[in-house]
Amino acid sequence: MLKYLFSKEDDIPQGTAAIFFGISSIAWFVIGTGLGSFNAAKLAFPDLFHGLYSLQFGHMRQVHVHAVIFGWIAMAFAASMMYITPALGNTKLWSEKLGVWNCLLYNVGLCLALALLWSGVTSGREYSDHIWPIDLYIAFVMVVPWSLNVWMTIVNRRTQGIYTTNWFFAGCMFMTIIVFLIGNTPEWLHLTGLNEAYMTWWFAHNILGLLITPVAAAITYYIVPKITGNPLYSHRVGHLHFWSIVVFYSTPAAHHLMSSPLPEWLKSFASVEGVLILVPAVAYVCNILLTMQGRWALFVENIEIKFTITGVLLAIPLNMQGGFQQTRAINWYIHGTGWIVAHAHLALLGFSTFAEAASVYYGMQVLLRRKLWSASLANFHFWMLLIGFSLYWTSMTISGLIQGAAKIYEVPYVDVVIAEHPYMIVRWLGGTMVFFGNIIWLYNMIMTARAGDPVPVGRQPAEIAYTR
Amino acid sequence: MGWTFNNPLFSLTTDDQNKEAKHTWEHESLGGIAENNNPLPRPVIGLLLLTFATAIAITFPLYGQRPTAAIYLDYVSLMNSTMVQEVMNDRTITHDAANQKAMALIEDSLAHFDSKYTFQRAQHPIDLDQLRVIGPAIIELQRAGVDLEEYSVIGPNVVKSNFFNIQPDGTVIAKQPWWDKGYQISFWYFIGFCLAVIITVKRLPHFSWRPDHTIAH
Amino acid sequence: MAFREYRIGCWMFGFALSLSMFVTIILPGLDISSMSSTKIALEKQLTYGWETGFNYYDPFLQGKDKPVKVVLTKDPMTGKAIDKTDAFVFPAGTHFPSGLTHDGILGDDVQKASEELGKIGQADEAQGGVFLVRSTADDVPYIEFATATKGWTADATLKAADEKLLAGSGKTMFVREGCWWCHTLLPEQTQDWQSFGRPPLVGDFNGESPTTFGSDRKAPDLLHVGSRNSSREWMVMHFFNPRLVQPHSIMPRYDYLWGDVDADGNAVDLPGWDEKYLAYARGESIYPPAVPMPAADSEARKLIDFVINLK
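Residues numbered from 1 in each chain as written. Chains lettered and ligands numbered in written order. Predicted model: local features only at pLDDT ≥ 70, side-chain atom pairs only at ≥ 80, totals over all residues. Heavy atoms only, no water.

Student: For the overall build of chain C, give the residues involved together with the corresponding values.
Tutor: Broken down by element type, chain C carries 12 helices and five strands. Projected onto the principal axes, the alpha-carbon positions of chain C cover approximately 80 × 65 × 40 Å. Among the 311 residues that make up chain C, the fraction classed as buried is 60%. Taking the contacts inside chain C whose residues are at least 6 apart along the sequence as the reference set, 67% of them involve residues at least 24 apart. Here chain C has roughly 13000 Å² of accessible surface; of this, 55% comes from carbon and sulfur atoms. Measuring between centres, the 30 positive side-chain charges of chain C sit 1 Å from its 41 negative side-chain charges. (Helix = DSSP H or I, 4+ residues; strand = E, 2+ residues; numbered from the N terminus. Buried < 20%, exposed > 50% of the residue type's maximum accessible area, 1.4 Å probe, protein only. Contact = heavy atoms within 4.5 Å. Areas by Shrake-Rupley, 256 points an atom, 1.4 Å probe, with all protein chains shown as cover. Lys, Arg positive; Asp, Glu negative; His and termini not counted. Charge placed at Lys NZ, Arg CZ, Asp CG, Glu CD.)

Printed below as a string of structure tokens:
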């Protein structure tokens, strides 16, 4: 990597930035899920790692969250954008050199940010935990150069049109920067009180809603038509999806604070808008599944489609939960319980991760021009992820329902802790499976880079997946 | 924008624009990907309409909330009337039987009057023992001249509700809202969205036109 | 916008996003900012000071730059007995909370009363001073700058205090140690009034930053924990090793917050304590080892003060 930092732009092979981002994202995925598994162990057995004072739960929880969001998910997005955007514009990435520097500074910044969180230097705001100097770094050193690369690649495209995926990439990067700068106003402007609490959740909601969900969806808009060879089912449904994301997903921030004394009208507005998130969800799922027409065999045969379509199918329960759990009618029961934790993992580990894993699998094969080293290990990774996630989701949902019931029947809290104990163990097991699956993936990817069979020019990796 | 007013939903574009759009559509390959021009399937349109109806219906603020003190005021006044008190203090029958008889009397009397609380009373039934407990608090609040709708019954307590409808002048009304500024904004917001998307989508070539993807590849 | 008309698309995108931000930021911001502080908000501001998360004056979250809450039963200057009073002492140089430095935080009535009756205009961060929370005859709460109105100085007030609560520094510990990942500070409006007490009202947060509501409750809500349990001894044992008082607790041990020496000046020997505790757990001794009392300037003491102060 280092030799490319100071090379001339023309000497850097196309796809270098995407490959570096891809490998980094997998490494961060291993670290992030490892931390998750470690934290989960402490929730089941609090004295298990007693003596490791530097790894206290209260310090490590946010490190897990930010390692998976900024390390795995965001870097997998960066990797995907750096190869999908140019591919869709029949052009090169605007600047590979910028991409390589971006990747380096991204990793350095992330290490610094996580180290600070780890040592307890935090703003004390969920999801915007980073202190404001780090926020500035994230915005202007990590995100702006990345966005610039994406935008300029789209501007310099050699097609008249911009495909749906690239609308999302360009729009979401813009919205992410806006959300980052405005969502951190509690820190820039020292907002206090309910304004601070509300803006904290405005940030948290919108960074999930305007970056993670739509970009993951945009990736599947590329992967599914590309691998199946079918045209995207409908350009016009793509419009419905894109505009409803911008209009409806950016508004329900207040539904995270339904039990706080925010103005009632704001909660009413947020909960209606929250249900309307089903509009982009329905449009999206329908568009992707109808694109699969006639090629469903690939769901079984092809590893990328297997990941992608599993992610899309997981988006259905995700959005059903998301739409309805935030209404007053349901929120009072499950607010602040493990149910929400399960939901968050359904979004990030279920829907989004499966979509990105597919794109990283595909991108690495295409860019390295090498076939996967082992399809069996890839399948193994898939099932470890899916089973591990299912265990996690089921156990946390059940424990959330227990907690909700205990809340309304005013059960002493320690009884809830006792009742949740078995589910905490299952949660730990599920998380550990995901962690081990990812180690396998990292190994498989390194071996692919080193010893994978070369893909002949003009062929797709998917076409020759089963030829020896 | 060329808008054919006698056929507004089928074409919001001129023939020239449509021709140009079709040409662009068919003549470019976006990284080896093409797009079709299918409409939303009818069932999905139904699903989306259902979603909006559900969104408005399920987010009614009245769901999942505590009973207000106002719905029990009539119960309490009737309980304190001599007629009901006589039944309640009847030593010849058991406490439970007296309770039931008295409650039947109260409910019978209430059935004779129209009340805006009928629905909420059915949602939050109460028995006479609980009424005895909250009765004095409700009477006291009534004497204080406050609006009982701003108070909730929580177990044995009658407490100020936790709703904050901030009025334009800055005062706060603690009533359970059922229709507020947030709903109105949502409503217009949704309609604005629908109009914008309909205009956008209807300006595309009609969905009966299928692009020929063999041209670009 | 028709097929491939990106210029119009960009305008529509900008319009949609701006409208969304207008409805979700400007409109609620106006409403929320128009709410007056309650008495609770005034007390919280004066307890927690300017900013509890990362800031210039306490970059490593050690609990610096924080006021001290004291309980007085005699006038610090004259020594005459007075009713039990909570006073908030800002040693010279401690930064004031936003309510004292910005006009828009307290609300019009509260601001007016604080300036006219409370003389907060005379307060100066460099000099420090003592503040009280009072109410007018019309029940409007206000901040009184006791250094100006009564001549109470910071040093004399600290000296005369019956009890000192380092709750401001304690909140820093609460944020740094991530207590709020499991303990919420927000009893819910619709359900847990009975278990966890009165949910906060709309003006209860003015001037507080961060609010650390918490979102993922894995442990009891703490907003009113000081009213349920104000035993300092219980807190000491519970923070040292939660399993001593609650065998099923999954809370981590916070024994490392004791620092090097305990209240009696003895070294805190955590591995030694653990050994004795394990022997107790195996049934080799009848009583668990005694928990050392935290030193007066230890982080554990600050955190316990914060928790006990949550009334």
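What follows continues from the structure just given.
Student: Can you lay out the packing of helix α8 (residues 193–228) of chain A against helix α15 (residues 338–368) of chain A for me, pointing to particular residues and giving the numbers?
Tutor: Describing two packed helices takes the angle between their axes plus the distance from one axis to the other. Residue and element names in this part refer to chain A. The geometry of α8 relative to α15 is characterised by a closest axis approach of 9 Å and an angle of 45 degrees between their N-to-C directions. Classed by the angle they form, the pair α8 and α15 counts as oblique. In this structure, α8 meets α15 at a crossing whose hand is left-handed. Note on element contacts: α15 touches α8 through Leu348, Phe351, Ser352, Ala355, Glu356, Ala358, Ser359 and Tyr362, opposite Leu208, Ile212, Thr213, Ala216, Ala217, Ile219, Thr220, Tyr222, Ile223, Lys226 and Ile227. In terms of residue class, the contact of α8 with α15 is built from 13 nonpolar, four polar and two charged. (Axes fitted to C-alpha atoms, helices over the stretch in contact; angles between N-to-C directions. Parallel < 35°, antiparallel > 145°, perpendicular 65-115°, else oblique. Left-handed = near helix turned anticlockwise from the far one by under 90°. Nonpolar A, V, L, I, M, F, W, Y, C, P; charged D, E, K, R; others polar.)

Student: Which residues make up the packing of helix α13 (residues 303–325) of chain A against helix α16 (residues 375–408) of chain A, and what values go with them?
Tutor: Residues and elements named next belong to chain A. Orientation of α13 relative to α16, taken along the N-to-C sense of each, is 15 degrees, at an axis distance of 10 Å. It follows that α13 is roughly parallel to α16 by the angle criterion. As α13 packs across α16, the resulting crossing turns out to be left-handed. Together, Ile303, Lys306, Phe307, Thr310, Leu314 and Gln321 of α13 and Ala378, Asn379, His381, Phe382, Leu385, Leu386, Phe389 and Trp393 of α16 make up the contact between the two elements.

Student: Give me the lowdown on the interface of chain A and chain C, citing residues and values where you can.
Tutor: On the chain C side, the residues contacting the 77 residues of chain A number 78 residues. Here chain A and chain C share an interface that buries about 6600 Å² over both sides, 65% of which is from carbon and sulfur atoms. Our enumeration of links across chain A and chain C arrives at four salt bridges. The partner of aspartate 47 of chain A in a salt bridge is arginine 243 of chain C, with the nearest N and O atoms 2.7 Å apart. Seen at the junction of chain A and chain C, the total is 32 residue pairs in polar contact (both at pLDDT 80 or more). (Buried area = accessible area lost by both parts, 1.4 Å probe. Salt bridge = Lys/Arg side-chain N within 4 Å of Asp/Glu carboxyl O. Polar contact = N/O pair within 3.5 Å; in protein donor to acceptor, adjacent residues only side chain to side chain.)

Student: Give a description of the environment of tyrosine 142 of chain C that names residues and reports values.
Tutor: All names here are of chain C. As for its placement among the helices and strands, tyrosine 142 is situated in strand β4 (residues 141–145). In the structure, tyrosine 142 is positioned 22 residues away from lysine 164 in sequence and 22 Å away in space, judged by C-alpha atoms. Filtering out sequence-adjacent residues up to four positions away, tyrosine 142 remains in contact with Leu42, Val110, Ala113, Ser114, Leu117, Gly118, Leu132, Val133, Arg134, Ser135 and Thr136.

Student: Before we move on, could you go through unusual backbone geometry and cite the residues and values that matter?
Tutor: One can expect most non-glycine residues to show negative phi and most peptide bonds to be in trans. The step from serine 209 of chain C to proline 210 of chain C runs through a cis peptide bond, and the omega angle for that step is -10 degrees. Within the secondary structure, proline 210 of chain C sits in the loop between α8 (193–196) and α9 (225–228). Backbone geometry places asparagine 90 of chain A, a non-glycine residue, at a positive phi of 50 degrees. By the secondary structure assignment, asparagine 90 of chain A is in the loop between α3 (57–88) and α4 (96–118). A positive phi is found at aspartate 139 of chain C, a non-glycine position, where the angle reads about 70 degrees.

Student: So what's going on with the side chain of lysine 306 of chain A? Which residues, and what values?
Tutor: All names here are of chain A. Along the polypeptide, lysine 306 turns up in helix α13. Despite being buried, lysine 306 has no salt bridge partner; glutamate 304 is the closest side chain of opposite charge, sitting 10 Å away. In this structure the side chain of lysine 306 is engaged in a polar contact, spanning 2.6 Å, whose partner is the side chain of asparagine 379. Beyond its immediate stretch of four places on either side in the chain, lysine 306 contacts Leu298, Phe299, Val300, Asn379 and Phe382.

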